[in-house]
Amino acid sequence: TLAVGMRYGDRDLQAFGLTFKGKALIGLGEVKEGLGLLDEATVAAVSGELQPHSTGMIYCMAIASTSELTDYRRAGEWTDASTRWCERQSIAGFPGICRVHRAEIMRLRGSWAEAEQEARRALSELQGFNLMFAAEGFYELGEVRLRIGDLEGAEDAFRQAHELGREPQPGLALLRLAEGKVDAARSAMRRALEDPAGDRLRRLRLLPGQVEIALAAGDLETARAAVEEMEELGAVYDSMALQAATLCARGGLELAEGKSGLAIRSLRQSLRLWTEADLPYEAARARLMLGLALRADGDEDAAELEITAARAVFEKLG
């Protein structure tokens, strides 16, 4: 595609070629080079060099690719840019799957009501048209419902995602954990991670949940193996959110091992990175764990400050 676009001077084809090549490089672990090509293609979209349809598609693929990498800072920047472009062009938004990706970024930024609205709009556009992408919409809806605390609504959404062909993990396993069904949660995560079709990027999405569930079950060996794999993958797929998730997982493991001093250090670093990445729910969870680590270390006053601050964020988010 890129070669054809270069030969005929077609900027739209060139941008698509850069995007496809960038996605392929990322899949091969050549992340820096891949992201460079995605950025080049998306700059062409931002500058108005492309046709409206091409611009929308390039934005959508860039957001999807950076989200898969857990590079939520870059995904958020492209989401903001796409929103501004829609407003300038008087376009309500991208159809279907693009809305799902935008809903994910809204959820991560703590705009849960807006995220749910965007996911539901995506479903209204996708159902009966593209069931695979509709499954992603139901999964995202389940993630929002789970954070709000609507376990019944979350389960319904995850089940619909599964019926349409989307593996509902880690969401459904974490839902089982929230219900106190630790064994069911462990089984679900184990099966998801044993799936031979899962690539490294998919494992990145699963491993933090694996650590959380294993720690709840007292299975330190499984938690330790998952943390170590996260650290190995972080050397290839580096992002602020992945660093924060890995440090949070490491801190939880250290706390379970009775190493409260090390846990405090890891969790403080995690909290700083989550905050810098503008992911308030994840930051509040890290702050809550930090409070527990401080309590285990005998500093009750500092623990109370962190726990109170975490509670305030949870209440604000809803």
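See the structure printed just above.
Now for a description of the structure that goes with this document. Every value quoted in this text rests on a predicted model; they were computed, and no experiment measured them.

The rules behind the values
- Residues numbered from 1 in each chain as written.
- Predicted model: local features only at pLDDT ≥ 70, side-chain atom pairs only at ≥ 80, totals over all residues.
- Heavy atoms only, no water.
- Buried < 20%, exposed > 50% of the residue type's maximum accessible area, 1.4 Å probe, protein only.
- Helix = DSSP H or I, 4+ residues; strand = E, 2+ residues; numbered from the N terminus.
- Contact = heavy atoms within 4.5 Å.
- Salt bridge = Lys/Arg side-chain N within 4 Å of Asp/Glu carboxyl O.
- Phe/Tyr/Trp six-rings, centres within 6.5 Å; stacked < 30°, edge-to-face > 60°.
- Lys NZ or Arg CZ within 6 Å of the ring centre and 35° of its normal.

1. Some details on unusual backbone geometry
At step 1: Across the junction of Gln 169 and Pro 170, the peptide omega takes the value 10°, indicating a cis bond.
At step 2: Phi is positive for Thr 70, which is not a glycine, with a value near 60°.
At step 3: Although it is not a glycine, Asp 278 sits at a positive phi angle of roughly 65°.
At step 4: Residue classification places Asp 278 among the partly exposed residues on the basis of a relative accessible area of 46%.

2. Re the environment of Asp 39
At step 1: When you line up the elements, Asp 39 lands in helix α3 (residues 31–46).
At step 2: Here Asp 39 falls in the partly exposed class, since its relative accessible area comes to 22%.
At step 3: A sequence separation of 39 residues divides Asp 39 from Trp 78, and the C-alpha atoms of the two residues are 9.6 Å apart.
At step 4: If sequence neighbours within four positions are ignored, Asp 39 has contacts with Arg 74 and Trp 78.

3. Concerning the pattern of salt bridges
At step 1: As enumerated under the stated definition, the model contains 28 salt bridges in all.
At step 2: The closest approach of N and O atoms between Arg 147 and Glu 143, which form a salt bridge, is 2.7 Å. Here Arg 147 and its partner Glu 143 are both found in helix α8 (residues 131–148), 4 residues apart, which amounts to about one turn of the helix.
At step 3: Arg 147 gets classed as buried once you look at its relative accessible area, which sits at 19%.

4. Looking at the packing of aromatic side chains
At step 1: Tallied over the entire structure, the rule returns 4 aromatic pairs.
At step 2: Both rings, one in Trp 112 and one in Tyr 281, keep their centres 5.6 Å apart while their planes meet at 70°; by these two values the pair is edge-to-face. Taken together, the residues span a long stretch of sequence, with Trp 112 in helix α7 (residues 112–126) and Tyr 281 in helix α16 (residues 280–296) at a distance of 169 residues. For the pair shown, Trp 112 and Tyr 281 are each scored as buried.
At step 3: A centroid spacing of 5.2 Å and a plane angle of 45° characterise the contact between Tyr 139 and Phe 158, whose relative ring orientation is tilted. Separated by 19 residues along the polypeptide, Tyr 139 in helix α8 and Phe 158 in helix α9 (residues 151–163) bring together distant segments of the chain.
At step 4: Classification of Tyr 139 as buried rests on a relative accessible area of 6%.
At step 5: Across the ring face of Tyr 139, the terminal group of Arg 166 is positioned such that the distance to the ring centre comes to 3.7 Å.

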